[in-house]
Amino acid sequence: MTTSPMDTAQELAAFLRSRREGLDPGRLGLPSHRRARRTPGLRREEVAELAGVSTDYVIRLEQARGPRPSAEVLTALARALRLTPSERDYLFDLAGRRRPGTAGPDAGAAASLGRLVGDLSPLPAMLLDHRYDILAWNPEMARLLPGFEAVPPSRRNAMWLCLMHPQMRGFYADREQVLRDGIAHLRAAWAAHPQDAELSGLIAEFAAQDEDFARLWSQREVGVNGRGRKALRHPVAGAITVDFEVLLPLQDPELRLLVYRPADEQSRASLEGLYAR
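For every chain, the first residue of the written sequence is number 1, and numbering continues from 1 along that sequence. For a predicted model such as this one, the threshold for reporting local features is a pLDDT of at least 70, and the threshold for listing and counting side-chain atom pairs is 80 or more; totals across whole chains, interfaces and linings nevertheless cover every residue. Water and hydrogen atoms play no part in the side-chain values, which are based on all heavy atoms of the structure.

### Topic: empty space enclosed by the protein
Step number 1: In the cavity and pocket records, a cavity denotes points on a 1 Å grid over the protein atoms alone where a 1.4 Å probe fits but cannot get out, a pocket denotes an open set with protein on both sides within 12 Å along at least 5 of 7 lines, and lining residues are residues with an atom within 4 Å of a point. Grid points are joined across faces, edges and corners, and a volume is the space filled by probe spheres set on the points. Within this structure, the stated rule accounts for one cavity of 30 Å³ or more.
Step number 2: Surrounding the largest cavity, Leu-16, Arg-20, Val-47, Val-58, Leu-61, Glu-62, Leu-77 and Leu-81 form its lining.
Step number 3: Mapped onto the lining of the largest cavity, the elements with two or more residues apiece are helix H1 (8-21) and helix H3 (55-62).
Step number 4: The helix and strand labels rest on DSSP assignments: H or I over at least four residues marks a helix, E over at least two residues marks a strand, and numbering proceeds from the N terminus. The biggest single contributor to the lining of the largest cavity is H3, with three residues.
Step number 5: Basically, the charged four are Asp, Glu, Lys and Arg, the nonpolar ten are Ala, Val, Leu, Ile, Met, Phe, Trp, Tyr, Cys and Pro, and anything else, Gly included, counts as polar. Here the residues of the lining of the largest cavity are counted per class, giving six nonpolar, no polar and two charged.

Laid out in structure tokens, this is it:
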């Protein structure tokens, strides 16, 4: 059964099950007599033992019947399931136990940071919110993204461009990884903003219209990739490799400043040639 992207209780249950089933009992030092099992991962009673809660409580959580877990129980479950920091945050958000310091951006933040995006020229840069909506960009980023300026304002969303914009279908050499990283971010953002109907609508639209998105969304990967390298295939400039950084403003962590830098001299020359056209 597919979990609705708007149902946090069902997603909490499915997430706990998926992480329990993904654990290797042998690596956790469980007695060997427990390893003759028909299903993958840990049993519910083993998770309960590791977390210091009852087996019935774990069963009810995995069936979306339990009460909202306390922060102490969530911490114990995260430890028992060996969750990464991003997965732990996701678990807390699904349970409605928000971390401190996650207020929305100040009203003037986008305008101020938008001016900074312009000042970063000639490095391609853009400002995004938690939905991946593109709030500001500089001329270099507009030239780098094929057909970007012709995209209607309502569709200026980084994930929509990657999934739906025909001119960007072959833009990323490793499109699968770009999608995987983007979906892992969207999943974390959705759990942190369960009342954001616009974000839920985007996720539902993507899942309905793109098989790759639906497949990767169902894997429940969570995380934010803040630094890395992307190989691009520009229709005019050819092959370009960029290093990227995602910067979170201290006062407005809901916003993200994405900056590209050429990864080698050939890519630098290709970008300069593109900007000069």
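### Observations concerning the pairing of strand E1 (residues 125-128)
Step number 1: The buried label applies to any residue whose accessible area, calculated with a 1.4 Å probe on protein chains only, is under 20% of its type's maximum; exposed applies above 50%, and partly exposed to all values in between. Alternating positions in E1 separate into two faces, Ala-125 and Leu-127 on one and Met-126 and Leu-128 on the other, with burial throughout.
Step number 2: When E1 meets strand E2 (residues 134-137), the two strands line up antiparallel, connected through three bridges. By the bridge assignment for E2, Leu-128 is matched with Ile-134.
Step number 3: Paired strands, as defined in this entry, are two strands with at least two bridges between them according to DSSP. Between E1 and E2, which pair antiparallel one after the other, the connecting turn spans five residues, and Tyr-132 there sits at a positive phi close to 75 degrees.

### Digging into helix H4 (residues 71-80)
Step number 1: Among the residues making up H4, those that are buried are Val-73, Leu-74, Ala-76, Leu-77, Ala-78 and Ala-80.
Step number 2: Contacts are assigned to residue pairs with any non-hydrogen atoms lying within 4.5 Å of each other. Tucked into the core, H4 has its buried residues touching helix H2 (44-51), H3 and helix H5 (85-94).

### Quick notes on the sheet that holds E1
Step number 1: Taken in spatial order, the five strands make up an open sheet running E2-E1-E5-E4-E3, and their pairing is antiparallel. Edge positions in the sheet fall to E2 and strand E3 (227-234), since each of these pairs with one other strand and no more. Each strand axis lies, on average, 30 degrees off the axis of its neighbour in the sheet, ignoring direction.
Step number 2: Pairing analysis gives eight bridges linking E3 to strand E4 (residues 238-247), with the strands arranged antiparallel. To get an axis, fit a line to the C-alpha atoms, keeping to the stretch in contact for a helix; angles then go from 0 to 180 degrees between the N-to-C directions.

### Overview of the pattern of salt bridges
Side-chain pairing between opposite charges can occur once the charged atoms of the two side chains come close.
Step number 1: We define a salt bridge as a contact between a side-chain nitrogen of Lys or Arg and a carboxyl oxygen of Asp or Glu at a distance within 4 Å. The full count for this structure, using the stated rule, is 22 salt bridges.
Step number 2: Here Arg-187 ties to Glu-11 by a salt bridge, and the two come within 2.7 Å at their closest N and O atoms. Of the two residues, Arg-187 sits in helix H9 (residues 175-192) while Glu-11 sits in helix H1, which places them 176 residues apart along the sequence. Each member of the pair, Arg-187 together with Glu-11, is buried.
Step number 3: Three or more residues joined by partner-sharing salt bridges are found here, namely Arg-169, Arg-175, Glu-176, Arg-180, Asp-210, Asp-212, Arg-215 and Glu-221.

### Observations concerning the environment of Leu-186
Step number 1: In this structure, Leu-186 sits in helix H9.
Step number 2: With 56 residues separating them along the chain, Leu-186 and His-130 place their C-alpha atoms 7.5 Å apart.
Step number 3: Apart from residues no more than four positions distant in its own chain, Leu-186 is found in contact with His-130, Arg-131, Tyr-132, Met-159, Leu-199, Ile-203, Phe-206, Phe-213 and Trp-217.

### Comments concerning the layout of surface pockets
Step number 1: The volume enclosed by the largest pocket comes to roughly 530 Å³.
Step number 2: Taken together, 28 residues line the largest pocket, and the ones lying closest to its centre are Tyr-132, Val-178, Lys-230, Leu-258 and Tyr-260.
Step number 3: Secondary-structure elements contributing two or more residues to the lining of the largest pocket are E1, helix H8 (158-164), H9, E3, E4 and strand E5 (256-262).
Step number 4: Counting residues per element, the lining of the largest pocket draws most heavily on H9, at five residues.

### Concerning the nonpolar core
Step number 1: In these notes, a set of buried Ala, Val, Leu, Ile, Met, Phe, Trp, Tyr and Cys residues joined through side-chain atoms within 4.5 Å is what counts as a nonpolar core. Counting 68 residues, the largest nonpolar core has Leu-91, Met-159 and Phe-213 as its most contacted members.
Step number 2: The element contributing the most residues to this core is H9, with eight residues.
Step number 3: If we skip the residues at most four places from it in the chain, Leu-91 touches Leu-12, Phe-15, Leu-16, Leu-74, Leu-77, Ala-78 and Leu-83.
Step number 4: Within the second largest apolar cluster, nine residues are counted, among which are Ala-109, Ala-136, Leu-255 and Leu-257.

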